[in-house]
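Read off the chains here:
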Amino acid sequence: DVKVTQSSRYLVKRTGEKVFLECVQDMDHENMFWYRQDPGLGLRLIYFSYDVKMKEKGDIPEGYSVSREKKERFSLILESASTNQTSMYLCASSPDSNYGYTFGSGTRLTVV
Amino acid sequence: EDKVVQSPLSLVVHEGDTVTLNCSYEVTNFRSLLWYKQEKKAPTFLFMLTSSGIEKKSGRLSSILDKKELFSILNITATQTGDSAIYLCAVFTGANSKLTFGKGITLSVRP
C-alpha cells in the first residue's frame, strides 16, 4: 500500500525553537508538497519540490524553509517557531499533474 | 492569482438527505479539478475531472464539471453519518503539478 508518512502526529514546541517536520514517501514520486491547514483558511501551500535538492516557494513561505536531500524525504523547517505557526501541517506527494496528491496523516503542531 | 471558492462553507443535514456541494474557480491554464474527503486525518481522493459534462460516480457520490461556467458540483445521495467530513475542491493549473485548494466545506450528517 502506497504511503506518505509524517514522523509526528502531535508536537508541542516552545516559541523560538527550531522545529523539523519530516515527511517520507515510498512511491518514488517526483513531486512533494507542504501545506498548512487552518480553520476558515483551508489548505495553503508553503513550499514544494519537483526534484531532489530543488525547492520552490508556495503562497506562504515566510518563516519556513525546506530540505530535500533524497527523493523520498521532504523536510519542513521552522527556523524560530512562533505562536502563529500553530497549525495542522500536511505533506503530500504526486508523480505528476495527471494524478492527484497522496497526503500524509498530518502533524498538529502547537507552539506555546 | 488563482482562486477556488467552495460553498456553502458548512452544512448540516439529516441522514437520508441529498446534498450538493459547490466549487467555482478562476484560474489560468486549467488542467483538472479534484475532490477530496477529509475526516480526522489525511484528505483522501474522490474524483478527478478534466472534461465538461461527464459525470463521475462512485456509489452514492457523483461529480460533474462545467468548464464553460467554471464550476463543479459534488452530489451525495442518501447521506449517512459516515459522510460527515470536510470536502475539499482543488484545481491543477499550468505546466506544473501544483494544486490550489478551496477552503473546504464542512458537512455534518445528523442521525
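Conventions we followed
- Residues numbered from 1 in each chain as written.
- Chains lettered and ligands numbered in written order.
- Predicted model: local features only at pLDDT ≥ 70, side-chain atom pairs only at ≥ 80, totals over all residues.
- Heavy atoms only, no water.
- Helix = DSSP H or I, 4+ residues; strand = E, 2+ residues; numbered from the N terminus.
- Rg over C-alpha atoms; globule rule 2.2 N^0.38 Å.
- Buried < 20%, exposed > 50% of the residue type's maximum accessible area, 1.4 Å probe, protein only.
- Contact = heavy atoms within 4.5 Å.
- Areas by Shrake-Rupley, 256 points an atom, 1.4 Å probe, with all protein chains shown as cover.
- Lys, Arg positive; Asp, Glu negative; His and termini not counted.
- Charge placed at Lys NZ, Arg CZ, Asp CG, Glu CD.
- Disulfide = S-S within 2.5 Å.
- Buried area = accessible area lost by both parts, 1.4 Å probe.
- Salt bridge = Lys/Arg side-chain N within 4 Å of Asp/Glu carboxyl O.
- Polar contact = N/O pair within 3.5 Å; in protein donor to acceptor, adjacent residues only side chain to side chain.
- Nonpolar A, V, L, I, M, F, W, Y, C, P; charged D, E, K, R; others polar.
- Pairing = 2+ DSSP bridges.
- Axes fitted to C-alpha atoms, helices over the stretch in contact; angles between N-to-C directions.

For the rest of this paragraph, the subject is the overall build of chain A. When helices and strands are tallied, chain A shows zero helices and twelve strands. Helices and strands in chain A line up, N terminus first, as β-β-β-β-β-β-β-β-β-β-β-β. Taking 13 Å as the expected radius of gyration for a compact globule of 112 residues, we find that chain A reaches 13 Å, a close match to that expectation. Its C-alpha atoms give chain A principal-axis dimensions of roughly 40 × 25 × 25 Å. Counting across all 112 residues of chain A, residues that qualify as buried make up 50%. Within chain A, residue pairs in contact and separated by at least 24 positions form 54% of the contacts whose partners lie at least 6 positions apart. Carbon and sulfur atoms make up 48% of the accessible area of chain A, which amounts to about 5,400 Å² in all. Taken together, the 15 basic and 15 acidic charged side chains of chain A have centroids lying 7 Å from each other.

Put plainly, a disulfide is one covalent bond tying together the sulfur atoms of two cysteines. Following the criterion strictly, the structure yields two disulfides over all chains and no others. Linked covalently through their sulfurs, C23 of chain A and C91 of chain A form a disulfide whose S-S length is 1.9 Å. On the sign convention where negative is left-handed, the bridge of C23 of chain A and C91 of chain A, at about -75 degrees about the S-S bond, is left-handed. Of this pair, C23 of chain A sits in strand β4 (residues 23-25) while C91 of chain A is found in strand β10 (residues 87-94), placing the two residues 68 residues apart along the sequence. Pair check on accessibility: C23 of chain A and C91 of chain A agree, each one buried. Put simply, C23 of chain B and C89 of chain B are joined by a disulfide, and their sulfur atoms are 1.9 Å apart. Across the disulfide from C23 of chain B to C89 of chain B, rotation about the S-S bond amounts to roughly -70 degrees, and the bridge is consequently left-handed. Here C23 of chain B is found in strand β3 (residues 19-26), whereas its partner C89 of chain B is found in strand β9 (residues 85-93), with 66 residues between them in sequence.

Attention shifts here to the interface of chain A and chain B. At the interface, 23 residues of chain A touch 19 residues of chain B. In this assembly, chain A packs against chain B so that about 1,600 Å² is buried in total across both faces, 56% of it on carbon and sulfur atoms. Taken together, the links from chain A to chain B amount to zero salt bridges. Inspection of the chain A/chain B interface yields four residue pairs in polar contact (both at pLDDT 80 or more). Those elements that provide at least two residues to the side of chain A that touches chain B are β5 (31-38), β6 (42-49) and β10 of chain A. Its residues assigned to classes, the side of chain A that touches chain B shows eleven nonpolar, ten polar and two charged.

For the rest of this paragraph, the subject is the sheet that holds strand β6 (residues 56-58) of chain B. In sheet architecture, strand pairing relies on hydrogen bonds along the backbone and comes in two forms, parallel and antiparallel. All names here are of chain B. Pairing is antiparallel across the open sheet formed by five strands, whose spatial order is β1-β3-β8-β7-β6. With one partner strand each, in any of the chains shown, β1 (3-7) and β6 form the two edges of the open sheet. Each strand of the sheet is rotated relative to its neighbour by a mean of 15 degrees, with strand direction disregarded. Judged from the six bridges that link them, strand β7 (residues 61-66) and strand β8 (residues 71-76) form a sheet pairing that is antiparallel. Bridge assignment links I64 to a residue of β8, and that residue is I73.

For a regular strand, side chains alternate in direction, first toward one face of the sheet and then toward the other. Residues and elements named next belong to chain A. Along strand β12 (residues 107-111), the buried face is formed by T107, L109 and V111; none of R108 and T110, which line the opposite face, is buried. Pairing analysis gives four bridges linking strand β2 (residues 10-13) to β12, with the strands arranged parallel. Counted as the bridge partner of Y10 is R108 from β12.

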